[in-house]
Amino acid sequence: RDYRQVDQVGPGAWARARGDCASGRDPIGGGDSRDSGDGGLAGKLDHQAAVFRAGEDLAGVKPRGRAGHAPDGPLADLHQGQVKQIVGATLSDQGEPLTNFASGQPASHFADLYRRDCLPGGHVIMLGPGNEEAAAQALAAFPGGLQLGGGITADNGPHWLERGAAALIATSYVFGEGRLHRERLEALSAAVGREHLVLDLSCVSRQGRYFVATDRWQRLSDFEVHAANLELLAGHCAEFLVHAVEV
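Residues numbered from 1 in each chain as written. Predicted model: local features only at pLDDT ≥ 70, side-chain atom pairs only at ≥ 80, totals over all residues. Heavy atoms only, no water.

Caption draft 1: Spotlight on the sheet that holds strand β9 (residues 203–206). The strand order across the open sheet formed by three strands is β9-β10-β11, and the pairing between neighbours is antiparallel. Each of the sheet's edge strands pairs with one partner strand only, and the pair in question is β9 and β11 (219–224). Across the sheet, the mean angle separating the axes of adjacent strands is 45 degrees when strand polarity is ignored. (Pairing = 2+ DSSP bridges. Helix = DSSP H or I, 4+ residues; strand = E, 2+ residues; numbered from the N terminus. Axes fitted to C-alpha atoms, helices over the stretch in contact; angles between N-to-C directions.)

Caption draft 2: Quick look at the packing of aromatic side chains. Applying the stated rule across the entire model yields one aromatic pair. The residue whose ring lies beneath Arg184 is Tyr173, and the NZ or CZ to ring-centre distance is 5.7 Å. (Phe/Tyr/Trp six-rings, centres within 6.5 Å; stacked < 30°, edge-to-face > 60°. Lys NZ or Arg CZ within 6 Å of the ring centre and 35° of its normal.)

Caption draft 3: Just the nonpolar core, in detail. Ranked by size, the top nonpolar core spans 41 residues in total, and within it Leu148, Trp160, Leu199 and Leu233 carry the most contacts. With residues up to four places along the chain from it excluded, the contact list for Trp160 reads Met126, Glu132, Ala135, Ala136, Leu139, Leu148, Ile152, Ala165 and Leu168. If you look at the next biggest cluster of nonpolar residues, it comprises eleven residues, including Ile86, Ile125, Val198 and Leu241. (Core = buried A, V, L, I, M, F, W, Y, C linked by side-chain atoms within 4.5 Å. Buried < 20%, exposed > 50% of the residue type's maximum accessible area, 1.4 Å probe, protein only. Contact = heavy atoms within 4.5 Å.)

Caption draft 4: Region of interest: the pattern of salt bridges. For the structure shown, the criterion picks out four salt bridges. Residue Glu177 pairs with Arg184 through a salt bridge whose shortest N-O separation is 3.5 Å. What makes Arg184 partly exposed here is its relative accessible area of 24%. Connected through shared salt-bridge partners, Asp112, Arg115 and Arg116 make up one network. (Salt bridge = Lys/Arg side-chain N within 4 Å of Asp/Glu carboxyl O.)

Caption draft 5: Spatial organisation of the confidence of the model for the protein. On average, residues of the protein score 76 in pLDDT, and 65% of them are at 70 or above. pLDDT under 50 marks residues 1–20. Its contacts with residues more than four places away, or in other chains, come to 57 contacts. Within the model, pLDDT remains below 50 along residues 55–72, and this stretch shows 36 contacts once partners closer than five positions in the same chain are excluded. (pLDDT = per-residue confidence, 0-100.)

Caption draft 6: Inspection of the pairing of strand β2 (residues 75–79) at higher detail. For β2, a buried count of five out of five residues is recorded, marking the element as mostly surrounded by other parts of the structure. Of the two faces of β2, both are covered, the one formed by Leu75, Asp77 and His79 as well as the one formed by Ala76 and Leu78. The pairing of β2 with strand β5 (residues 122–126) spans four bridges and is classified as parallel. Bridged to Leu78 within β5 is Met126. The pairing of β2 with strand β3 (residues 82–86) spans three bridges and is classified as antiparallel. Paired with His79 across the bridge in β3 is Gln82. With antiparallel pairing between neighbouring strands as the criterion, β2 and β3 make up a hairpin whose turn holds two residues, including Gln80 at a positive phi of roughly 55 degrees.

Caption draft 7: Expanded view of the pairing of strand β6 (residues 146–149). Where burial is concerned, the two faces of β6 agree: the one with Leu146 and Leu148 and the one with Gln147 and Gly149 are both buried. Bridge count between β5 and β6: four bridges; the pairing is parallel. Looking across to β6, one finds that Val124 is bridged to Leu148. At this point the chain moves from β5, through helix α3 (residues 132–141), to the parallel β6, and the crossover so formed is right-handed. Bridge count between β6 and strand β7 (residues 167–170): three bridges; the pairing is parallel. Bridge pairing in β7 links Gly149 to Ile169. For the handedness criterion, the β-α-β arrangement of β6, helix α4 (residues 157–162) and β7 is classed as right-handed. (Right-handed = clockwise from strand over helix to strand, strands pointing away.)

As structure tokens, then:
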């Protein structure tokens with residue numbers, strides 16, 4: 001099944017998509033998805049992030065993952081074309097970031113594991129330039145099964161949907177120069193469709209308040225993460241993705 005055919009992005013959509021997997025069928029190849037052999041590798045890239053359905057009452061919202069009702073979404077960060085797990089706050093143009101894990105396998109390898117293990121909704125994040133080819137190969141390995149982030153704009157968003165992304169994750173384009181650009185948010189939502197847009201609200205704590213970090217998490221914006229601001233954004237996207245940048 002091409003997961004782009006689901007009518008919305010979010011826990012409900014992924015749950016329906018995973019219905020094919022109840023009997024162990026490969027959702028794309030038709031084979032048995034349970035005999036992936038090295039599927040445990042995918043767990044190494046599991047990332048603790050909360051993904052919220054946009055527009056829901058925050059008091060009743062539950063994060064995706066073991067505490068909620070929807071499946072965990074695996075994550076593959078791409079840095080210089082290689083799959084890595086890094087400490088986001090150490091990423092810059094000068095020097096190498098602090099890396100917790102670097103894989104010798106290409107991104108397409110992990111995308112294929114996610115496909116065979118029936119894990120739609122995983123994230124592929126391009127951290128800086130030089131990652132486009134690796135991202136395209138990952139999307140080709142699991143068409144319609146992965147969300148893509150990193151450098152997403154209203155101009156290139158439709159291209160990545162055509163390449164097989166199920167949804168697009170945006171931060172810096174929307175929160176450029178340290179502030180919310182309403183016109184860019186509206187343009188991006190119109191270009192790719194609200195149902196295909198995930199807003200990354202990765203944030204940093206400052207005196208007990210949380211502010212969105214942009215530009216590969218190097219710039220702290222003036223946009224605070226609280227209920228009123230989430231409600232403001234909810235009409236333009238399907239999900240919010242929140243990472244703790246300094247972890």
